[in-house]
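# Report on the structure
One-letter residues, chain by chain:
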Amino acid sequence: MDIDAIRREALTCTKCRLAEGRTQVVWADGNLQSDVCVIGEAPGFNEDKEGVPFVGAAGQLLDRLLAEIDLDRSQAAIVNVIKCRPPGNRDPQPDEIAACRPYLSAQLNYMRPLVIVTLGNFATKFILETTAGITRARGQVYERKGASIVPTFHPAAALRGGRFGGISTIDAMRGDFATVRRLLDAPAVPAEPEHAPARRAGDEDGAEQLDLFP
Ligand code: URA
């Protein structure tokens, strides 16, 4: 897959109304060849200005949570469900998510991450293909298409200072990030013969790679 060509296409995308109000498309940060993909919702004011996801206050908290499990942005990819800022930071609309879907799918198909962390409702619903919100979905690890999915709250929710199940939202997130660390440290389970081993982004044997994420 030519992920650079897809990125170039995304950077000039006009498939939905968000193209009109954006400063720039926010494609990704971090390392698309790493084992971990962290998925947020949409760029905000700062991300739209800088062209990098999670650079504002929520991003600083995300960096802290990653650092607590010994990860930095060179060891994880940081992306969003939609790549352009919605006006006034409103929720992404279903047609905007649909228009942007091929870009996140391409990123995930290219990466084939071992672990996907979904931050908040929009990313969790996208990846788990569920209508259940984050409060119901979190607290367990889901297996989807060769990846372990860890749903957690959006850092913006933690910044608002809420509580969940008797602990602060940020401590709940710390528990979820500790789960990510455990998954990364766990020895890989050998693939069953009928299940081809997941191919990694760097594999270049010329064979056709099936897309896992539609
Ligand atoms: N919130 C998100 O969901 N994504 C960003 O990039 C920034 C804030």
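One can find the structure itself at the top, above this paragraph.
One structure accompanies this document, and this report is about it. None of these values were measured; they are calculated from a predicted model.

Attention shifts here to the pairing of strand E3 (residues 77–80). Remark: a regular strand shows side chains that alternate across the two faces of the sheet. Alternating positions in E3 separate into two faces, Ala77 and Val79 on one and Ile78 and Asn80 on the other, with burial throughout. The pairing of strand E1 (residues 29–30) with E3 spans two bridges and is classified as antiparallel. The residue bridging aspartate 29 from the neighbouring strand is isoleucine 78, located in E3.

Here the focus is the nonpolar core. One finds Cys37, Val38, Ile39, Ala77, Val81 and Val117 to be the most contacted residues of the largest nonpolar core, which totals 54 residues. Looking at this core element by element, the count peaks at eight residues for helix H5 (residues 94–111). Leave out the neighbours within four places in its chain, and cysteine 37 touches Ala77, Val79, Leu108, Met111, Pro113 and Ile116.

Here we come to helix H9 (residues 169–185). Its 17 residues place the ends of H9 25 Å apart at the C-alpha level, agreeing with the 24 Å of an ideal helix rising 1.5 Å per residue. Residues Thr169, Ala172, Met173, Asp176, Phe177 and Val180 constitute the buried set of H9. Along the long axis of H9, the arc covered by the buried residues comes to 140°, so they all point the same way.

Attention now goes to unusual backbone geometry. Unlike most non-glycine residues, arginine 112 shows phi in positive territory, near 45°. Among the structural elements, arginine 112 can be located in the loop between H5 and strand E4 (115–119).

This part is about the site of the ligand. All residues adjacent to the ligand are Gly40, Glu41, Ala42, Pro43, Gly44, Glu47, Pro53, Phe54, Ala58, Gly59 and Asn80. Split by residue class, the shell around the ligand holds five nonpolar, four polar and two charged.

A few words on the sheet that holds strand E2 (residues 36–40). One open sheet accounts for six strands, arranged E1-E3-E2-E4-E6-E5; its pairing is mixed. Of all strands in the sheet, those bounded by a partner on one side alone are E1 and strand E5 (142–144). The strands touched by helix H6 (residues 120–128) are E2, E4, E5 and strand E6 (147–152); relative to E4, the strand with the most contacts, the crossing angle is about 140°.

Here is what the cut-offs are and how they apply
- Residues numbered from 1 in each chain as written.
- Predicted model: local features only at pLDDT ≥ 70, side-chain atom pairs only at ≥ 80, totals over all residues.
- Buried ≥ 20, exposed ≤ 12 C-beta atoms within 10 Å, placed from the backbone.
- Helix = DSSP H or I, 4+ residues; strand = E, 2+ residues; numbered from the N terminus.
- Pairing = 2+ DSSP bridges.
- Core = buried A, V, L, I, M, F, W, Y, C linked by C-beta atoms within 7 Å.
- Contact = placed C-beta atoms within 7 Å.
- Expected span 1.5 Å × (residues − 1).
- Arc of directions from axis to C-beta.
- Near = placed C-beta within 6 Å.
- Nonpolar A, V, L, I, M, F, W, Y, C, P; charged D, E, K, R; others polar.
- Axes fitted to C-alpha atoms, helices over the stretch in contact; angles between N-to-C directions.

By themselves, these are just geometric observations and shouldn't be taken as functional.
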